[in-house]
Amino acid sequence: MRKSLYIFSLVCLFTLLCMQSIVLAASDIATIKNLRISNNSDKVRIVVDADKEVDYQSFALSSPDRVVIDLSDAALAKNVKKEIDLNSKYASKVRVAQFKENVVRVVVETKVNKSGYDVFGIVGGETPYRVAMDFGNITYNTVGNIGNISSNSSSNSNSSKDNSYKVDKNFNIDKDAKSILKGKKITIDPGHGGSDSGAIGPTGLYEKDSTLRIGLNLAEMLKQSGAKVYITRKTDTDVAPQPATDVEELQARVDVGNKTHSDIFVSIHLDSFTSSSAQGTTGYYYVNGSSNSERLARYIKEGVIEQIGTYDRGTKTSNFYVVKHTEMPATLLEVAFVSNPREEAILKSDDGIKKSAQGIFNGIVKYFSEL
Ligand SMILES: [Zn+2]
């Protein structure tokens, strides 16, 4: 009797352990919940939504040309569409299937070569994990010649009236700045753009126009100093292929910094408040950011205040997406309040734009001079 009880307990224990391991194994499998497509003139983006982080491998096959992405330890949800036409000149079709017991395979029929596609994982946003696949023109905006920048004013109701803008290339850059900045990789992110005007001032100034003008001046100065400059947008445009969620739009900006392995990331914005008396300049960095991020935010903010004489609102921590998800020291600068008539005038004038760019530039030079 005693012995059989003993055996019974052992069997129970064994069964329990087995169940436990089955439960563990099941929870290690990521569920592929959705396949989404977005398009712009530059590229087609395929996004795979997963409920947790998933390992993937990609490789190319020929005749017909296709790119295969294998997601391991993954299960395809039943409701996911198995085949989608892409309607893009870069890729014609995408198929997805449960290829092996634990492998979900995505196959993209494409005509692009190896430098024409890119596969990368994205943590965070509205799904826990995404694998993005871009086909088409996947190079990032490096700053070459900035000529006359004009935006598509006729079709876009979000554009202000005068939005052609020419960067005056006569900057006085001293030798020290050039030796400090030579070869540094810098991503500039002019806030908002395209469908998103950002805040609007009392006389109708759009945040997206000022941030672009400041960003283009800054890019030109940095380029003339020998830095390698990347800019998330050079014109009045959204950065992510459309349609895109707000998070995807911000992630597209973060991608430019992360994928170019930039040394710093500088996002340019204008502040706004319901009361027109709110004023001043703020430098933000990520709440868990490094001391370098704090210095970068502080020096840039101080540089701008020195140039345009604004009130010092300090250096503050925040959870802004672009400072949180960038992998290098990063700052989001609120240059001044577009909702304040006096500051709006600064942010509208050529002189104010140039000085703002000069201030950011000086902060960047100071930052690198101390590394
Ligand atoms: Zn903004």
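Residues numbered from 1 in each chain as written. Predicted model: local features only at pLDDT ≥ 70, side-chain atom pairs only at ≥ 80, totals over all residues. Heavy atoms only, no water.

Caption draft 1: The arrangement of the packing of aromatic side chains in detail. According to the stated counting rule, one finds 3 aromatic pairs in the structure shown. Ring geometry for Tyr117 and Phe135: centres 5.7 Å apart, planes at 20 degrees, overall stacked. Of the two residues, Tyr117 is situated in strand 9 (residues 117-123) and Phe135 in strand 10 (residues 129-136); the sequence distance between them amounts to 18 residues. On the basis of relative accessible area, Phe135 is assigned to the buried category, the value being 0%. Ring plane angle 80 degrees and centroid distance 5.1 Å describe the contact between Tyr367 and Phe368, whose orientation is recorded as edge-to-face. The burial state of Tyr367 is the same as that of Phe368; both residues are buried. The cationic tip of Lys259 hangs over the ring face of Phe120; the distance from NZ or CZ to the ring centre is 3.6 Å. (Phe/Tyr/Trp six-rings, centres within 6.5 Å; stacked < 30°, edge-to-face > 60°. Helix = DSSP H or I, 4+ residues; strand = E, 2+ residues; numbered from the N terminus. Buried < 20%, exposed > 50% of the residue type's maximum accessible area, 1.4 Å probe, protein only. Lys NZ or Arg CZ within 6 Å of the ring centre and 35° of its normal.)

Caption draft 2: Layout of the pairing of strand 17 (residues 312-318). As paired strands, strand 16 (residues 281-286) and strand 17 are joined by 5 bridges and run parallel to one another. When the bridges of strand 17 are listed, Tyr284 appears paired with Lys316. As for the winding sense of the linkage, the β-α-β connection from strand 16 through helix 5 (residues 291-308) to strand 17 is right-handed. (Pairing = 2+ DSSP bridges. Right-handed = clockwise from strand over helix to strand, strands pointing away.)

Caption draft 3: Quick peek at the pattern of salt bridges. Per the counting criterion, the structure on display carries 18 salt bridges. Taking the shortest distance from any N to any O, the salt bridge between Glu83 and Lys93 comes out at 3.3 Å. Of the two residues, Glu83 is situated in strand 6 (residues 83-85) and Lys93 in strand 7 (residues 91-100); the sequence distance between them amounts to 10 residues. A relative accessible area of 41% places Glu83 in the partly exposed class. Across the pair Arg295 and Glu370 runs a salt bridge whose closest N-O atoms are separated by 3.0 Å. Of this pair, Arg295 sits in helix 5 while Glu370 is found in the segment after helix 8 (350-369), placing the two residues 75 residues apart along the sequence. Residue class for Arg295 comes out buried when judged on its relative accessible area of 12%. (Salt bridge = Lys/Arg side-chain N within 4 Å of Asp/Glu carboxyl O.)

Caption draft 4: Inspection of the coordination of the zinc ion at higher detail. Here the zinc ion is held by His192 (NE2), Glu207 (OE) and His269 (ND1), and the distances to it run 2.1 Å. The sequence motif formed by the donor residues of the zinc ion is H-x14-E-x61-H. Taken as a pair, Glu207 in helix 3 (residues 207-224) and His269 in strand 15 (residues 264-271) lie far apart in primary sequence, 62 residues in all. Here Glu207 and His269 have matching classes, each one buried. (Donors = N, O, S within 2.8 Å, 3.2 Å for Na, K, Ca; no water.)

Caption draft 5: Region of the structure containing the sheet that holds strand 7. Strands sit in the order 3-4-8-7-6 across an open sheet of 5 strands; the sheet is antiparallel. A strand with exactly one partner marks an edge of an open sheet, and here the two such strands are strand 3 (56-61) and strand 6. Strand-to-strand, the axes of this sheet are offset by a mean angle of 15 degrees, without reference to chain direction. Here 3 bridges tie strand 6 to strand 7, and the two strands are oriented antiparallel to one another. Note on strand 7: the bridge partner recorded for Glu83 is Arg95. (Axes fitted to C-alpha atoms, helices over the stretch in contact; angles between N-to-C directions.)

Caption draft 6: The sheet that holds strand 17, seen in detail. Pairing in this open sheet of 6 strands is mixed, and the strands run 14-13-15-18-16-17 from one edge to the other. Looking along the sheet, the strands with just one partner apiece sit at the ends: strand 14 (228-231) and strand 17. Neighbour to neighbour, the strand axes of the sheet diverge by 20 degrees on average, direction disregarded. Each of strand 15 and strand 18 (330-337) touches helix 7 (residues 341-348); the most contacted strand, strand 18, lies at about 115 degrees to it. (Contact = heavy atoms within 4.5 Å.)

Caption draft 7: Examining the side chain of Glu248 more closely. As for its position among the elements, Glu248 is in helix 4 (residues 246-259). The contact partners of Glu248, leaving out residues within four places of it in the chain, are Arg36, Arg130, Ala240 and Pro243.

Caption draft 8: Focus on helix 8. In this model, helix 8 (20 residues) spans 28 Å end to end at C-alpha, consistent with the 28 Å of a helix rising 1.5 Å per residue. Turning to helix 8, its buried residues number three or more, namely Gly352, Ile353, Ser356, Ala357, Gly359, Ile360, Phe361, Gly363, Ile364, Val365, Tyr367 and Phe368. (Expected span 1.5 Å × (residues − 1).)

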